[in-house]
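Chain by chain, the residues run as shown.
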Amino acid sequence: MKRLFPILLTVCLSLALAACAAEQGTAVTETAEDEAVSVQVFAMDTYIDLTAYGPNAEAALDEIAGEIETLDGLLSVTDENSEVYALNHADGAAVSVSETTRSLIAFTQTLSAQCGGALDISVYPLALAWGFTTEDYRVPTDAGIADLLALVDESQIVVDDEAGTVTLPAGMEIDLGAVGKGYACDLAREILAEYGVEHALLNFGSSTICLYGDKPDGSRWRVAVQDPEDDSTYAGILELEGCVVDTSGGYERYFTDEDGTVYWHILDPETGRPADSGLISATIVSESGLNGDALSTACFVMGLDKSIDYWRTYGGFEFVFITEAHEIYVSEGIADSFTPVYDYEDAEITVVSQ
Ligand code: ADP
Ligand code: MG
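Let me begin by describing the structure that accompanies this report. (Residues numbered from 1 in each chain as written. Chains lettered and ligands numbered in written order. Predicted model: local features only at pLDDT ≥ 70, side-chain atom pairs only at ≥ 80, totals over all residues. Heavy atoms only, no water.)

Take the coordination of the magnesium ion (ligand 2) next. Those protein atoms acting as donors to the magnesium ion (ligand 2) are Ala-178 (O), Asp-293 (O), Asp-293 (OD) and Thr-297 (OG1), and they sit at 2.1 to 2.5 Å. In the primary sequence, the donor residues of the magnesium ion (ligand 2) line up as A-x114-D-x3-T. Taken as a pair, Asp-293 and Thr-297 lie in helix H7 (residues 289-302) at a separation of four residues, close to a single helical turn. Given a relative accessible area of 12%, Thr-297 falls into the buried group. (Donors = N, O, S within 2.8 Å, 3.2 Å for Na, K, Ca; no water. Helix = DSSP H or I, 4+ residues; strand = E, 2+ residues; numbered from the N terminus. Buried < 20%, exposed > 50% of the residue type's maximum accessible area, 1.4 Å probe, protein only.)

What follows is the structure, encoded as structure tokens:
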């Protein structure tokens, strides 16, 4: 196995983290109009912090919390009652599943085809083999990886909307972990709109952060992009409103072997090993949480050049990429909104244009 950035020993837990926590409520003169309500939910293997402002905030957040729990119940890989669990244990048979599960799988199939297979939800048996799902970490043998790779190819999944079913080839197992939080974020945005909420900050475990509207005082939200090489600090600050910020980084879940080699939880479906693309953090800013979540994972796997090619071909999002050479690449649409900080203050920044 190639050495994966051995110096990343101190790398850490969360991805982009909301630097705005201290500002919520304090920078604002609170009135009934803009009072903050916060709810925390544990779902999708992470703590989700939801904060909204205004008279309908509480009702909206209650509904969002319920929807997130329902979604988790459909997509969980461990809950024996979930649809994904049923698919993973169907042994090649068609399974009736909800429209939500069908459309999520179909979405990832389209994106997977567009990005040359960098995103592939059927990589799950490899995540199991590496122990990323159980935290019982180990480096699988080359033969073990080769055997499991033979079953990775999500284009072989059959989604039948007329019959309302999905069929996986026998032996294939899937995990929608790379897109679930982004999709939950989009559900939440719809509910906020229905309730007429104008300002909210939804933090899905720091890797998906929805900046709904602007802040109650009319200013933009400030979101920190985690320093991928040091868990105690940030690489930069983004000042944005009305968008979703998704980050994938190797520091989120990883283990280190006795030689100091670091192995992280985002896998390259081509090699069956932790992605080694030269990117150590991929942040996507977009309107859609689902697209952003999928793309942050895909770009982390594709690496800098292919990700920029993808952006130039398909567009619809902005990005901040950090390379293992300590360089930052920012797309032109958010270049003015990004300020590098701390160890990255002197990093080389390249603004990428279409
Ligand atoms: P997180 O959900 O940890 O914030 P990501 O959105 O990048 O980060 O998703 C990572 C998760 O997606 C992993 O925990 C694993 O379950 C799954 N995964 C890992 N590599 C891939 C891949 N290449 N394609 C699709 N899913 C992946
Ligand atoms: Mg993702």
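There's more to say after this.
Turning our attention to the side chain of Asp-246. Counting through the fold element by element, Asp-246 comes out in strand E10 (residues 243-249). One buried charge, Asp-246, has no salt-bridge partner; the nearest side chain with opposite charge is Lys-181, at 8.1 Å. Polar side-chain contacts of Asp-246 include one of 3.2 Å to the backbone nitrogen of Asp-293. Apart from the residues within four sequence positions on either side, Asp-246 is in contact with Ser-207, Thr-208, Ala-282, Thr-283, Ile-284, Gly-289, Gly-292, Asp-293 and Ser-296. (Lys, Arg positive; Asp, Glu negative; His and termini not counted. Salt bridge = Lys/Arg side-chain N within 4 Å of Asp/Glu carboxyl O. Polar contact = N/O pair within 3.5 Å; in protein donor to acceptor, adjacent residues only side chain to side chain. Contact = heavy atoms within 4.5 Å.)

Here we take up the packing of aromatic side chains. All chains considered together, the criterion is met by 15 aromatic pairs. Consider the rings of Trp-130 and Tyr-263, whose centres lie 5.4 Å apart with planes at 40°: the pair is tilted. One end of the pair, Trp-130, is in the loop between helix H4 (124-129) and helix H5 (142-149); the other, Tyr-263, is in strand E12 (residues 262-264), and 133 residues separate them in sequence. Here the two residues Trp-130 and Tyr-263 agree in accessibility, since each one is buried. (Phe/Tyr/Trp six-rings, centres within 6.5 Å; stacked < 30°, edge-to-face > 60°.)

As a packed pair, helix H1 (residues 57-75) and helix H3 (residues 99-114) sit with axes 10 Å apart at the nearest point and diverge in direction by 70°. Considered as vectors, H1 and H3 are oriented roughly perpendicular to each other. For the crossing formed where H1 meets H3, the hand is right-handed. Between H1, through Leu-71, Leu-74 and Leu-75, and H3, the contact on the second element is made entirely by Thr-100, Thr-101 and Leu-104. Grouping the constituent residues of the contact of H1 with H3 by class yields four nonpolar, two polar and no charged. (Axes fitted to C-alpha atoms, helices over the stretch in contact; angles between N-to-C directions. Parallel < 35°, antiparallel > 145°, perpendicular 65-115°, else oblique. Left-handed = near helix turned anticlockwise from the far one by under 90°. Nonpolar A, V, L, I, M, F, W, Y, C, P; charged D, E, K, R; others polar.)

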